[in-house]
Amino acid sequence: MRELNKQDMIDVLYGCAVLGTGGGGPLADGLALMEEHFEKGEILKLITLDELPDDEYVVTPYGCGAPSAKPDSRLAHLEHCKTAPSVLATQALEESLGKKMYAVGSTELGGANTAEALHAALVMDVPLLDADPAGRSVPELQHSTYYVKDVPIFPMGVATKFGEKIVIQNVQGDLRAEDIVRAIAVVSDNMVGVADHAHKGKVIKESLIPGMITYAQEIGKVLRETRDAGGDVASAICEDKEGKVLFRGQISDYTCETREGFNFGEIHLKGEKDYEDETYRIWLKNENIISYRNGEVDVIAPDLICMIDEDGNPMTTPNFEIGDKMTVIALPAPIIWTTPEGLECFGPKHFGLDVEYTPFKK
């Protein structure tokens, strides 16, 4: 077990925001969710998969939806609950199952969504697993190593920010769960809290990518130390994590449409310095899925297309403006996503893209 202090947790969230590939929620929201814990000087317990007992239960709390730039005015009269929806969803599951969770895990690596797991762990006074079922942020519930490993997503809890709690005892597969949860989000200002994959340790151990919280912390530390020294954050991260700087430029256009609980859009860049007279385009479904350099495919999911601003901080969609400077980098996908089963779940064909996956290094 490791103990994470305030700076450690901040490094984790900054690293997760990089790995969020534009999604995973705004870093500012994640830091705000954790502020009370920071002020109290609370310490987070982080355990490895090997330290998880086989017969103890773990749950995965997170937020699901597409944050809207404009709140739904039809919901303005509803009172907000002070407890985070992901914690409410976890509590609903514990009440339904009659079991106390031994630990919590993250659902993906993102500035806000991983904070949900950190927050839940501290509120519930349980450890956080040093593991993750995505190794990045992903747009859909079935984009998970749980799905690849045929681990049921249920039982699952869902809660809105208005305090409403729902327990889903069973569901006919992750795709159906995606539809149900997304539908609840659509009528709840496009965001809900979810707690799913409530299973025993012996199942969890075989299902997750180990060491991913530590991986995010390492990226966050590189970012912080390089930024504070006035260095090139994008290059430093790539050197440390076998990544590649893809493009440097200015945002020339940005389109985004929220439909069916997702943000769909494109980010257009005009090159600067070494990339002058070149263009770059990123297509996103909540997260960055495919990028094009001068009209030609450059990088595609499951590899990570990450964005860094001119101050060395991670950028998330839609939290930028036309004219902002951006450096785009690629980081390698966790190995499980590059297997036939992983690509079937989270490769280009899933998104209707008529291209073959080729690792960015090649």
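Scroll up to find the structure.
In this report, we go over the structure that sits alongside the text. Values in this document were obtained by computation on a predicted structure and should not be read as measured data.

Some thoughts on the overall build of the chain
For the chain, the count of helices and strands is ten helices and 17 strands. Against the compact-globule benchmark of 21 Å for 362 residues, the chain has a radius of gyration of 19 Å, which places it among compact chains. If one aligns the C-alpha atoms of the chain with their principal axes, the spans along those axes are about 60 × 45 × 40 Å. For the chain, the proportion of its 362 residues judged to be buried stands at 57%. Partitioning the intrachain contacts of the chain with sequence separation of at least 6 by distance along the chain shows that 73% fall at a separation of at least 24. Summing over all exposed atoms, the chain offers an accessible surface of approximately 15,400 Å²; the carbon and sulfur share of this is 46%. Averaging the positions of the 34 positive and the 60 negative side-chain charges in the chain gives two centres separated by 1 Å.

Some remarks on the nonpolar core
Ranked by internal contacts, the top residues of the largest apolar core, which has 71 residues, are Leu-128, Ile-237 and Leu-331. With nine residues, the single largest contributor to this core is helix H1 (residues 6-19). The residues touching Ile-237, leaving out its near neighbours within four places in the chain, are Val-18, Ile-219, Val-222, Leu-223, Ile-308, Ile-329 and Leu-331. If you look at the next biggest cluster of nonpolar residues, it comprises 19 residues, including Leu-269, Tyr-275, Phe-320 and Val-328.

Things to note about unusual backbone geometry
The omega angle of the peptide bond from Phe-154 to Pro-155 is 0°, so this bond is cis rather than trans. In this structure, Pro-155 sits in the loop between helix H5 (145-148) and strand S7 (156-159). In this model, Thr-317 is joined to Pro-318 through a cis peptide bond whose omega is 5°. With respect to the helices, strands and loops of the structure, Pro-318 is situated in the loop between strand S16 (304-309) and strand S17 (325-331). In this model, Asp-125 sits at a positive phi of 55°, which is unusual for a non-glycine residue. Within the secondary structure, Asp-125 is located in the loop between helix H4 (113-124) and strand S5 (128-129). Its identity as a non-glycine residue notwithstanding, Asp-189 has a phi of 65°, on the positive side.

Some details on the layout of surface pockets
For the second largest pocket, the calculated volume is near 350 Å³. Forming the boundary of the second largest pocket are 18 residues, of which Arg-248, Lys-273, Asp-309, Glu-310 and Thr-327 lie nearest the centre. Listed by contribution, the elements that provide at least two residues to the lining of the second largest pocket are helix H9 (233-241), strand S11 (244-259), S16 and S17. The greatest single-element share of the lining of the second largest pocket, amounting to three residues, is contributed by S17. Taken together, the residues that form the lining of the second largest pocket break down as four nonpolar, five polar and nine charged.

Thresholds applied
Residues numbered from 1 in each chain as written. Predicted model: local features only at pLDDT ≥ 70, side-chain atom pairs only at ≥ 80, totals over all residues. Heavy atoms only, no water. Helix = DSSP H or I, 4+ residues; strand = E, 2+ residues; numbered from the N terminus. Rg over C-alpha atoms; globule rule 2.2 N^0.38 Å. Buried < 20%, exposed > 50% of the residue type's maximum accessible area, 1.4 Å probe, protein only. Contact = heavy atoms within 4.5 Å. Areas by Shrake-Rupley, 256 points an atom, 1.4 Å probe, with all protein chains shown as cover. Lys, Arg positive; Asp, Glu negative; His and termini not counted. Charge placed at Lys NZ, Arg CZ, Asp CG, Glu CD. Core = buried A, V, L, I, M, F, W, Y, C linked by side-chain atoms within 4.5 Å. 1 Å grid on protein atoms, 1.4 Å probe; cavity = no way out; pocket = protein on both sides within 12 Å on 5 of 7 lines; lining within 4 Å. Points joined across faces, edges and corners; volume = space filled by probe spheres on them. Nonpolar A, V, L, I, M, F, W, Y, C, P; charged D, E, K, R; others polar.

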